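Structural characterization, general
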Amino acid sequence: MGIKVAKFGGSSVADAIQIKKIKDIVFADDDIKYVVVSAPGKRFSEDTKVTDLLYLCRTHIEHKLAYEQIFQVICDRYLSMESSLGVDVGMKEELAKIRENINAESSVDYIASRGEYLNAKLIAAYLGFEFIDSARMVKFSDKGRFMEDRTNEEIEAVLKDVDRAVIPGFYGSRIDSSIKTFSRGGSDITGALIARAMKADVYENWTDVSGFLVADPRIVKDPRPISHISYKELRELAYMGASVLHEEAIYPAKVANIPINIRNTNRPQDPGTMITSEPAELEGDQIISGIAGSKDFTSITVYNSHMIGQKGFIRKMAGILEDHDVTIEHIPSGIDTVSVIVNNKIIDGKLDEIVEEFERQLKPESVDVAPDVALIATVGVGMAARTGTSAKLFTALAEAGVNIRMIDQGSSEMNIIVGVANKDFEKAIRAIYEAFVG
Ligand code: ASP
């Protein structure tokens, strides 16, 4: 018998219908010992997540506005779930207590955390599992710093004699017992922490998609699902804008070498995506694992015909950017040129000053600014083993009429990043997908 931790995200626990699905999933697998839940998410696209409603209550209180109507919407959701699931967790009293605490001006973290707390109470009763409050196990210092080792020990101590439990995600408590939440989407982190402490064989992350896709389905029609990907490759894709999992959730699973399996609550028959430390065995002619990208970068290229002999050139460029509080995404360079790629949002309002400073301190022959650059990463450990991968990529872009403004290949040969004009972004992704996946 193994141990699995199953975390169910907001849309998987949005109402009684969804919660019934998770019962089938959990009861079909005796290895699922610990169930971590989010607050109820959206039931349909115009719906509002309970966590957002709770934050909204708090904003109203801050501005001394009446929040009762919003709180009532939350109460109605939980009371209707309690009755549809046919359980009695004393929801009315729980809600009255929370209202009392809100009136006594509880912290924003306390208010936001109640979505997960109430949902875990309900789901524990419905599954017949024990409810274990994360506030007992997930620990933060009094200054709010997450205490990794202490949390690991507390989880182990509390859960070691518990057969099957439901645990609320997203929050824990400071040493002084006050509630502290992770950043938004943080239930993923709670699940990974439980998996790590309990030495789970698998961390199942149940959501509303059947895992990751090789490319964004809004750009490529019916992209192929990724059945297996390594943490490293995923990190590259996440950095370039692909998102499903909270970034910080990967770390605890990775250090404990626990595979993460992304699954779909609405299609439990789908195997989803498996994320492991080891890269997957390549299937057939598969070379790449995924394509991801983001728009809106600026490239600043400094040209100087004697650059190669100059000391400290890049250090000075980096220093100027640091003085302006600008982080660098990439530094592609040629014999007489060095470019820096920065995010438009970060450089907004500072560009002219930075270019002036480059001209003053570096005395270059020219400085070229290309705004509106999109970056696209083609990722896959399989690329390192194959010759001709970059040729294939560049040919595909040339044939699609896409001009490449920048190329950056990581030394691990696990990814090739190209910079193209924003307007060519979608076209370029489709061309790369066609060339490698077809
Ligand atoms: N309910 C929280 C949020 O909406 C945390 C989570 O669902 O992971 O951000």
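Quick note: structure is the one above.
We now turn to the structure provided with this report. Small disclaimer: the values here were computed from a predicted structure and weren't measured. (Residues numbered from 1 in each chain as written. Predicted model: local features only at pLDDT ≥ 70, side-chain atom pairs only at ≥ 80, totals over all residues. Heavy atoms only, no water.)

A few words now on unusual backbone geometry. Positioned with a positive phi, serine 177 is a non-glycine residue whose angle comes to about 80°. Positive phi, normally seen in glycine, also occurs at aspartate 372, with a value near 60°.

It is worth spelling out the side chain of serine 289 at this point. Within the element layout of this structure, serine 289 appears in the loop between strand 11 (273–276) and strand 12 (290–303). Side-chain polar atoms of serine 289 contact the side chain of glutamate 233, separated by 2.5 Å. The residues touching serine 289, leaving out its near neighbours within four places in the chain, are Val214, Ile226, Ile229, Glu233, Val379 and Gly380. (Helix = DSSP H or I, 4+ residues; strand = E, 2+ residues; numbered from the N terminus. Polar contact = N/O pair within 3.5 Å; in protein donor to acceptor, adjacent residues only side chain to side chain. Contact = heavy atoms within 4.5 Å.)

Taken together, Ser38, Thr51, Glu116, Phe170, Arg184, Gly185, Gly186 and Ser187 make up all the residues around the ligand. The side chain of serine 38 places a nitrogen or oxygen atom 3.0 Å from an oxygen atom of the ligand. Arginine 184 is positioned such that a nitrogen or oxygen atom in its side chain is 2.7 Å from an oxygen atom of the ligand. If the ligand stood free it would expose 260 Å²; the protein chains cover 91% of that surface. Within the shell around the ligand, the residues separate by chemical class into 1 nonpolar, 5 polar and 2 charged. (Near = heavy atom within 4 Å. Areas by Shrake-Rupley, 256 points an atom, 1.4 Å probe, with all protein chains shown as cover. Nonpolar A, V, L, I, M, F, W, Y, C, P; charged D, E, K, R; others polar.)

In this structure, Leu159, Ile167, Ile194, Ile275 and Ile376 are the most contacted members of the largest nonpolar core, which totals 70 residues. With 46 residues, the next largest nonpolar core counts Tyr67, Tyr78, Tyr110 and Ala135 among its residues. (Core = buried A, V, L, I, M, F, W, Y, C linked by side-chain atoms within 4.5 Å. Buried < 20%, exposed > 50% of the residue type's maximum accessible area, 1.4 Å probe, protein only.)

Burial runs high along strand 1 (residues 4–8): 5 of the 5 residues are buried. Neither face of strand 1 is left uncovered, since the one carrying Lys4, Ala6 and Phe8 and the one carrying Val5 and Lys7 both have all their residues buried. Examined bridge by bridge, strand 1 and strand 8 (residues 202–207) share 5 bridges and lie parallel to one another. Opposite lysine 7, over in strand 8, you have asparagine 205 as the bridge partner. Bridge count between strand 1 and strand 2 (residues 32–37): 5 bridges; the pairing is parallel. Across the sheet, the residue bridging to valine 5 is tyrosine 34, located in strand 2. (Pairing = 2+ DSSP bridges.)

A few words now on the pattern of salt bridges. Across all of its chains, the model carries 20 salt bridges by this definition. The residue lysine 4 makes a salt bridge to aspartate 29 at a minimum N-O spacing of 2.6 Å. Of this pair, lysine 4 sits in strand 1 while aspartate 29 is found in the loop between helix 1 (16–27) and strand 2, placing the two residues 25 residues apart along the sequence. The class for lysine 4 is buried, based on a relative accessible area of 18%. Exposure remark for aspartate 29: the relative accessible area of 16% places this residue in the buried category. A salt bridge links arginine 196 to glutamate 148, with the shortest nitrogen-to-oxygen separation between them at 3.0 Å. With arginine 196 in helix 7 (residues 187–197) and glutamate 148 in helix 6 (residues 148–159), the pair connects residues that are 48 residues apart, well separated along the chain. (Salt bridge = Lys/Arg side-chain N within 4 Å of Asp/Glu carboxyl O.)

Here 8 strands make up an open sheet; going across it, the order is 3-5-2-1-8-10-11-9 and the pairing mixed. Two strands in the sheet have a free side with no partner beyond their single neighbour: strand 3 (130–131) and strand 9 (228–230). Lying over the sheet, helix 5 (residues 108–127) contacts strand 2, strand 3 and strand 5 (165–168), oriented at roughly 170° with respect to strand 5. Sheet strands in contact with helix 8 (residues 231–239) are strand 9, strand 10 (260–264) and strand 11, and its direction is about 85° off that of strand 9. (Axes fitted to C-alpha atoms, helices over the stretch in contact; angles between N-to-C directions.)

For the rest of this paragraph, the subject is the sheet that holds strand 16 (residues 415–421). The antiparallel open sheet is built from 5 strands, whose spatial order is 13-12-14-16-15. Two strands in the sheet have a free side with no partner beyond their single neighbour: strand 13 (337–343) and strand 15 (404–409). Neighbour-to-neighbour, the strand axes of the sheet open up by a mean angle of 35°, direction not taken into account. Pairing of strand 14 (residues 366–379) with strand 16, which is carried by 7 bridges, proceeds in the antiparallel orientation. The residue bridging isoleucine 376 from the neighbouring strand is valine 418, located in strand 16.

Time to look at the state of the cysteines. Tallied over the entire structure, the rule returns 0 disulfides. You can see cysteine 57 has no disulfide; the closest cysteine sulfur is in cysteine 75, sitting 8.7 Å from it. Taking the relative accessible area as the measure of exposure, cysteine 57 reaches 0% and is therefore buried. (Disulfide = S-S within 2.5 Å.)

Our next topic: the environment of lysine 21. For lysine 21, the location among the structural elements is in helix 1. Taking the C-alpha atoms as reference points, lysine 21 and histidine 306, 285 residues apart in sequence, are found 67 Å from one another. Not counting the four nearest positions on each side in its chain, lysine 21 is found in contact with Thr265 and Asn266.

Right, let's get into a negative patch on the surface. Together, Asp352, Glu353, Glu356 and Glu359 make up a negatively charged patch on the protein surface. By the element assignment, glutamate 359 lies in helix 12 (residues 351–362). (Patch = residues over 30% accessible without salt bridge, like charges linked within 9 Å, V, L, I, M, F, W, Y side chains within 5 Å. Lys, Arg positive; Asp, Glu negative; His and termini not counted. Charge placed at Lys NZ, Arg CZ, Asp CG, Glu CD.)

Below, the discussion takes up the packing of helix 2 (residues 50–62) against helix 3 (residues 68–85). Running from N to C, helix 2 and helix 3 cross one another at 150°; their axes reach a closest spacing of 9 Å. Looking at the two axes, helix 2 sits roughly antiparallel to helix 3. Considering only the axes of helix 2 and helix 3, their crossing is left-handed. Residues Val50, Leu53, Leu54, Leu56, Cys57 and His60 of helix 2 form the contact with helix 3, whose participating residues are Ile70, Phe71, Val73, Ile74, Arg77 and Tyr78. Taken together, the residues that form the contact of helix 2 with helix 3 break down as 10 nonpolar, 1 polar and 1 charged. (Parallel < 35°, antiparallel > 145°, perpendicular 65-115°, else oblique. Left-handed = near helix turned anticlockwise from the far one by under 90°.)

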